[in-house]
Amino acid sequence: MELAVAQETVARWQFGVTTVYHFLFVPLSISLAGIVAALETAWVRTGKVKYFHATKFWGKLFLINLAMGVVTGILQEFQFGMNWSAYSRFVGDVFGAPLAMEALIAFFFESTFIGLWIFGWDRLPKRLHCACIWIVALGTVLSAWFILAANSFMQHPVGYRIDPVSGRAQLTDIWQVLFQDTTLVVVFHTLTAAFLTGAALVVGISAYHLARAGRGAETDGRKTAAMRVSLRLSLVVAVVAGLGTALSGDRLAKVMFEQQPMKMAAAEALWDTEAPAPFSILSVGDVGEGRNLVALEIPAALSFLAEGDFSSPVAGINDTAEEQAREFGGSREDYIPDIFMTYWGFRLMIFFGMAGLAVAAAGLWLTRKRFWLHPAHRTGEDEPPHLMLTRNVRMNAFLSRWSWRVAVLTLAFPLAGNSFGWIFTEMGRQPWVVLDLQRTADAVSPDVGVGRQIVSLAALSALYAVLAVVEAGLMVKYARPGPDVGERPPAKDPTLRPSDEDGDQPLAFAY
Amino acid sequence: MHLADLWFILIALLWTGYFFLEGFDFGIGVLTTRLLARSGTERRVLINTIGPVWDGNEVWVITAAGATFAAFPDWYATMFSAFYLPLLAVVMCLIVRGVAFEYRAKRPGARWQRSWERAVVWTSAITPFLWGVIFANMVRGIAIDAGKSYAGGQGELFNGYAVLGGFTTLALCVCHGTAFAALKTDGEIRERARRLAPVLGAGTLLMLLAFLLWTQAGSGNGRSLGTLVVACAALPAALFLSRLGREGWAFVLSGLTVVATFATLFLALYPEVMPSTLDSDWSLTVADAASGSYTLTVMTVIAAVFTPFVLLYQSWTYWVFRRRISVDRIPAAH
């Protein structure tokens, strides 16, 4: 079938749509696994029922997300071969290894121990049960490491040589692939952003329940206790992870200025090399002419971001593109990524990430329990906290209501930030699929027609849209009522070898 | 033996392990119809026999595909782009199936639950059928051109031999699932599973014989004849043991049937990985589809270190959830 659309375009749309979608669930799964593990540990160690209720409540939301993350991940692995067979042949020797390791080491961990965790409440001693969720959390982190190592190879190929006979990339050093600076910084950046994302979700949903309780809605004190401890924990996680995201983001930018000057120049709409280079706040550009029409800038700030001083030159788009054209042939335009998407993706990533951090920092201060707080304003652990500006000054009702609303909204911020981050970093690498080694246009499957790809894109988009509605509906259904405080922990600690009587009890959990 | 040959064996083991483990998962999914279940609670009994383990079983396919990618990039690239539409359907089925297990009980409505139950049945039937089609084509050979790419159409993939392969794989999974159900349930379902096994088994045996003899005639060799005999002997043995009430052994032998069947396919395939029907010079072989020796060495070390752990903790899961499930042990719907 001959259609007036390039195969590369359809394949890229599918990869973009399915990856951004997959990555809505991934960071939530990574971070909620850790948060749930922390809450269950608190329950096992203290025996306080509020931690048990919190564990169960966030555990349910975690599982609803994890299911989507797991199943959409299968396609991620398959589509390299389906739509990008030329890419797969070219880099399989290098790129396949971390993928196989991810499956063998991380996915088996995750999938096996999550089964034990879900169904094991009445089968495993509680310490062992708690260990299962920690192993799941470890699995998610390892999985992130391997797949980001594979992605980092595409951003900055290392540890390989080009085989003179086949012309393909061959692995020469697996340690470099797994531990190059790009991988390390990206892993740190992605994991901290993931924890910011999950923590923001917990902040948002806890804030919803505490705000309701604060307005005098009829609510169970035990529920409030579970939400309150969740809020405080998630605010701390969000602030720590948010700071980590910012620091690693800064480090990553410096690495990128060195390894992918084009991506960073595009992120800043810096057309010409400048010394010192300004940081762009807002610009409206003419891509055809290669210049900005409107530019609002902070002088020398970009030099500081790239090199840590206020005078270093930063390479511009035009010069970098001309250099690439000289090296690889073709014209200057061939080497310029989509400036609009790269520029705004970069900005929106930072905006949403930092907005999440700012709200969390403010929340951490406003809901503090004791620090610089007059005893009269302290609240019990089963009461919603007052929002305290200073030792004695409480936020007025209007501002307080809006603060809680902003806190609820925050749950969407890092999710948006993650999406923009990936759109930025993947589109900013174009026209390359593997930087300076293979072009995206050369990576597609030569034997798969564009018609078949459109069928695939349409079918997957339709399926994903339906599942998005289903999953969002379930999240709301399970988030809105709050923890089920009627649920009690097992009366006695289960043993691995139960008596016949105990063993034949109804299952604690069943599909 | 070269490392590439070792990796051919390992990949064959991963795929075979996948069909052994998810084989009974698929079977259980199909059996939640009136074949074995007569009520909503009985459907839940069946689904919960695989509840804690299906996800771990499914990771075998992800590992098999990932290992193929790493060890034989050309095999992975040719296979996944050639079998495009069947694989797209497989992926969509696996997506829906996983979500169906997790989400079915998350809302109380009858319509909601029935919809997901139907999804489990259909996806559990379509997926093994399509895998059978894919593997049959791979063994028989497809129109691979000089550029290692598939030159044929998607319709050709549904030729007689491949469709027989598809139905055989599906039937094997259902038999294997019946043996698993007899082993893991109690009460009426267990009895029903034991009565159902010979009926299903007889039909499956005929298909299996036809498919494997066709395979043997097309691309067989001495080794594949050996596993063919094992496969065709293990299935009746499984049925016999099931009649005797030796459910554990019946399950082992139905598993052996699955293993021997896929072993036959891989032995018939070796030393090629993707034979070409256009020109045998264009066939992909183990030797020329393999990654470099460095990658294979790294992967061998990783596999040697981690596979024993995986087998150990996955087996432990089956031990933890070793109790039979009956209607009495299903908690009230929530």
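Predicted model only: the values in this text are computed from it and were never measured.

About the criteria used
- Residue positions are given per chain, counting from 1 as you read along its sequence in written order.
- Think of it this way: whatever chain is written first is A, whatever ligand is written first is 1, and the rest follow in order.
- Local features in this predicted model are restricted to residues of pLDDT 70 or higher, and side-chain atom pairs are both shown and tallied only at a pLDDT of 80 or more, whereas totals for entire chains, interfaces and linings draw on every residue.
- Comment: elements are numbered from the N terminus, with helices defined as DSSP H or I runs of at least four residues and strands as E runs of at least two.
- Put simply, the radius of gyration uses C-alpha atoms, and a globule should come to 2.2 Å times the residue count raised to 0.38.
- Exposure in this text rests on C-beta crowding, where 20 or more other C-beta atoms within 10 Å of a residue's own make it buried, 12 or fewer make it exposed, and counts in between make it partly exposed. The C-beta atoms are placed from the backbone.
- Our contact criterion uses C-beta atoms placed from the backbone: two residues qualify when those atoms are within 7 Å.
- Confidence scores labelled pLDDT are given residue by residue by the predictor and lie between 0 and 100.
- Note on definitions: angles span 0 to 180 degrees between N-to-C directions of axes, and those axes are lines fitted to C-alpha atoms, for helices only across the stretch in contact.
- Oblique is the label for every angle not falling under 35 degrees (roughly parallel), over 145 degrees (roughly antiparallel), or within 65 to 115 degrees (roughly perpendicular).
- Only Asp, Glu, Lys and Arg are considered charged in this grouping, and only Ala, Val, Leu, Ile, Met, Phe, Trp, Tyr, Cys and Pro are considered nonpolar; every other residue, Gly among them, is considered polar.
- Strand pairing requires that DSSP identify at least two bridges connecting the strands.
- Note on terminology: a nonpolar core is any set of buried Ala, Val, Leu, Ile, Met, Phe, Trp, Tyr and Cys residues joined through C-beta atoms within 7 Å.
- Take the far helix as the reference: if the near one is turned anticlockwise from it by less than a right angle, the crossing is left-handed, and if turned clockwise, right-handed.

Focus on the overall build of chain A
Stage number 1. Per the secondary structure count, chain A includes 15 helices and six strands.
Stage number 2. Radius of gyration (C-alpha) of chain A: 25 Å, near the 24 Å computed for a compact globule of 511 residues.
Stage number 3. In terms of overall dimensions, chain A has C-alpha extents of about 70 × 60 × 40 Å along its principal axes.
Stage number 4. Out of the 511 residues in chain A, the part that is buried amounts to 51%.
Stage number 5. The long-range share in chain A, meaning contacts at least 24 apart out of those at least 6 apart in sequence, stands at 76%.

Quick look at the overall build of chain B
Stage number 1. Along the backbone of chain B there are twelve helices and two strands.
Stage number 2. Listing the helices and strands of chain B from first to last along the sequence gives α-α-α-α-α-α-α-α-α-α-β-β-α-α.
Stage number 3. Scaling as 2.2 N^0.38, a compact globule of 334 residues should have a C-alpha radius of gyration of about 20 Å, and chain B matches this with 20 Å.
Stage number 4. Projecting the C-alpha coordinates of chain B onto the three principal axes gives extents of approximately 60 × 40 × 35 Å.
Stage number 5. Split into buried and exposed, the 334 residues of chain B put 60% on the buried side.
Stage number 6. In chain B, of all internal contacts separated by at least 6 residues, the share reaching a separation of at least 24 is 79%.

A word on the confidence of the model for chain B
Stage number 1. Model confidence for chain B is summarised by a mean pLDDT of 95, while 99% of its residues fall at 70 or above.
Stage number 2. Across the interfaces of the predicted complex, the ipTM metric reaches 0.95, alongside a pTM of 0.96.

Here's the deal with the packing of helix α1 (residues 3-31) of chain B against helix α2 (residues 40-50) of chain B
All names here are of chain B.
Stage number 1. Where α1 contacts α2, the two axes come as close as 9 Å, and the packing angle between them is 170 degrees. One element, α1, and the other, α2, form an angle in the roughly antiparallel class. Across the interface between the two elements, D25, I28 and L31 of α1 pack against L46, T49 and I50 of α2.
Stage number 2. Classifying every residue of the contact of α1 with α2 gives four nonpolar, one polar and one charged.

Overview of the environment of A:S311
Residue and element names in this part refer to chain A.
Stage number 1. The topology assignment puts S311 in the loop between α9 (301-307) and α10 (317-328).
Stage number 2. Overall, S311 belongs to the exposed group, with 11 C-beta atoms counted inside 10 Å.
Stage number 3. The spatial distance from the C-alpha of S311 to the C-alpha of A277 is 7.5 Å, given a sequence separation of 34 residues.

Focus: the pairing of strand β4 (residues 291-298) of chain A
Residue and element names in this part refer to chain A.
Stage number 1. Taken across its eight residues, β4 has zero buried, putting it largely on the surface.
Stage number 2. Pairing between strand β3 (residues 279-286) and β4: seven bridges, direction antiparallel. Each residue of the ladder has a partner; that of D286, found in β4, is R291.
Stage number 3. Where β3 folds back on β4, the antiparallel hairpin that results is connected by four residues, among which G290 adopts a positive phi of roughly 70 degrees.

A few points about helix α8 (residues 261-268) of chain A
Residue and element names in this part refer to chain A.
Stage number 1. α8 sits mainly inside the fold: eight of its eight residues count as buried.
Stage number 2. P261, M262, K263, M264, A265, A266, A267 and E268 are the residues of α8 that are buried.
Stage number 3. Those residues of α8 hidden inside the fold are in contact with α7 (221-259), β3, α9, α10, α11 (339-366) and α13 (413-427).
Stage number 4. Just past α8, the residue A269 takes up positive phi, approximately 50 degrees.

As for the environment of A:L364
All names here are of chain A.
Stage number 1. By the secondary structure assignment, L364 is in helix α11.
Stage number 2. Owing to 17 C-beta atoms within 10 Å, L364 belongs among the partly exposed residues under this scheme.
Stage number 3. Placed 126 residues apart in sequence, L364 and A238 show a C-alpha to C-alpha distance of 9.5 Å.
Stage number 4. The residues touching L364, leaving out its near neighbours within four places in the chain, are L235, V236 and V239.

Structural notes on the interface of chain A and chain B
Stage number 1. Across the contact, 59 residues belong to chain A and 62 residues belong to chain B.
Stage number 2. Mapped onto the side of chain A that touches chain B, the elements with two or more residues apiece are α2 (49-83), α3 (85-119), β2 (169-171) and α14 (450-479) of chain A.
Stage number 3. Each residue belonging to the side of chain A that touches chain B can be placed in one class, and the counts come to 36 nonpolar, 15 polar and eight charged.

Thoughts on the nonpolar core
Side chains of a nonpolar character, in soluble globular proteins, are inclined to be buried together.
Stage number 1. Counting residues in each nonpolar core, the largest one holds 281 residues, and the members touching the most others are A:W58, A:A100, A:V203, A:A238 and B:V91.
Stage number 2. Of the residues forming this core, the biggest block, 23 residues, is contributed by α3(A).
Stage number 3. Beyond its immediate sequence surroundings of up to four residues, A:W58 is in contact with A:L32, A:I35, A:V36, A:L39, A:V202 and A:S230.

A word on the packing of α3(A) against helix α4 (residues 126-155) of chain A
All names here are of chain A.
Stage number 1. With their axes 8 Å apart at the nearest point, α3 and α4 run at an angle of 165 degrees to one another. In this view, α3 runs roughly antiparallel relative to α4, as classed from their interaxial angle. Crossing geometry of α3 relative to α4 is assigned as left-handed.
Stage number 2. Its residues assigned to classes, the contact of α3 with α4 shows 24 nonpolar, four polar and two charged.

Looking at unusual backbone geometry
All names here are of chain A.
Stage number 1. Between A275 and P276 the backbone carries a cis peptide bond, its omega angle lying at -5 degrees.
Stage number 2. Note on placement: P276 falls in the loop between α8 and β3.
Stage number 3. In the segment running from Q430 into P431, the intervening peptide bond is cis, with an omega of 10 degrees.
Stage number 4. In this structure, W372 takes a positive phi of about 50 degrees despite not being glycine.

Topic: the environment of A:V165
Stage number 1. Within the secondary structure, A:V165 sits in the loop between β1 (160-162) and β2.
Stage number 2. The spacing of A:V165 and A:G285 is 120 residues in sequence and 45 Å in space, taken between C-alpha atoms.

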